[in-house]
Structures are given as structure tokens and as C-alpha cells.
Amino acid sequence: QVQLVESGGGLVQPGGSLTLSCGASGTVFRGYVMAWYRQVPGKQRELLATITDGGRTWYADSVKGRFTISSDNAENMMYLQMNSLKPEDTAVYYCNTDRYQLSWGQGTRVTVSS
């Protein structure tokens, strides 16, 4: 059984930065396309960024140029560096594969507010 744990969220002002972490227990990232998602109340989950085990990345238009996804496959860790945060970035952030193959963690909440 795989357990995903997201951390690093918090309250930040617009224009601020946060780095989120995702740790996986029970598996490794090799062979997966890993991804960050976010979800706001009453809305669909949004795919934000993906990274292959070879380090190739993709970003949604909503975060491109502001967020950076990275991973450390040997340590089963993934990160999302978020810069120039906007109020509309407020959400609960989750990690998983791009095919939702792992059990969802509890996410980490990011609140962007002055």
C-alpha cells in the first residue's frame, strides 16, 4: 500500500513563495509520471504540473512560469516551488501520478491572502 504525504503549505501574501513537498511511502517514483494537483471547494481537481522519471516536465498554463516541479527519485520525494503566488492559487495541493494510480493523501493547504 502506498502512502502519499504532502507538506509545506501555509498562509502567504500575494507575490510570495512556498515550496511544497510530496513524500511517498511504499513505492518509488521510477516508472511513473508524477504530478501535482490542486482543488478548491466546489471545483474539479486541476492538474498543475507533471514530471517523468527522466526529469521532463509539463505545466498547466495557469502556473507556467511561476511554479517549478522537481523530484528526487532516489528519495521518493517530489517538490513544487511556487513563486509569485496569487489569491487564485488558494487551494489544497495534492501529489499523485498523472494517472491517479496511488491513494490520495490529505493534501496541504495553501492560502494566498493579504
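Just so it is clear, the model here is predicted, and its values are computed rather than measured.

Draft legend 1. Main features of the sheet that holds strand S7 (residues 67-72). Read from one edge of the open sheet, four strands run S1-S3-S8-S7, paired in antiparallel fashion. Every interior strand has two partners, whereas the edge strands, strand S1 (3-7) and S7, have only one. Put simply, the sheet's adjacent strands are angled 15° from each other on average, direction ignored. Bridging between S7 and strand S8 (residues 77-82) involves six bridges; their strand directions are antiparallel. Residue pairing across strands places Ser70 opposite Tyr79, the latter belonging to S8.

Draft legend 2. Focus on the side chain of Asn73. By the secondary structure assignment, Asn73 is in the loop between S7 and S8. A polar contact is formed between the side chain of Asn73 and the backbone oxygen of Asp53, at a distance of 3.0 Å.

Draft legend 3. Representation of the pattern of salt bridges in the model. The final tally for this structure, using the stated rule, is three salt bridges. Measuring nitrogen to oxygen at the nearest pair gives 2.9 Å for the salt bridge that ties Glu46 to Arg38. The residue Arg66 makes a salt bridge to Asp89 at a minimum N-O spacing of 2.7 Å. With Arg66 in the loop between strand S6 (57-59) and S7 and Asp89 in the loop between S8 and strand S9 (91-97), this residue pair connects regions lying 23 residues apart in the sequence. Salt bridges sharing partners connect three or more residues here, namely Arg38, Glu46, Arg66 and Asp89.

Draft legend 4. Layout of the sheet that holds strand S10 (residues 108-112). Ordered by their spatial adjacency, six strands build an open sheet running S2-S10-S9-S4-S5-S6, and the pairing between neighbours is mixed. Here the strands that pair on one side only, and so sit at the sheet edges, are strand S2 (10-12) and S6. Strand after strand, the sheet turns through a mean of 25° between neighbouring axes, direction not considered. Across six bridges, the pairing between strand S4 (residues 34-39) and S9 is antiparallel. In the strand pairing of S9, Ala35 is matched with Asn96.

Rules and cut-offs
Residues numbered from 1 in each chain as written. Predicted model: local features only at pLDDT ≥ 70, side-chain atom pairs only at ≥ 80, totals over all residues. Heavy atoms only, no water. Pairing = 2+ DSSP bridges. Helix = DSSP H or I, 4+ residues; strand = E, 2+ residues; numbered from the N terminus. Axes fitted to C-alpha atoms, helices over the stretch in contact; angles between N-to-C directions. Polar contact = N/O pair within 3.5 Å; in protein donor to acceptor, adjacent residues only side chain to side chain. Salt bridge = Lys/Arg side-chain N within 4 Å of Asp/Glu carboxyl O.

Keep in mind these values describe shape, not function.
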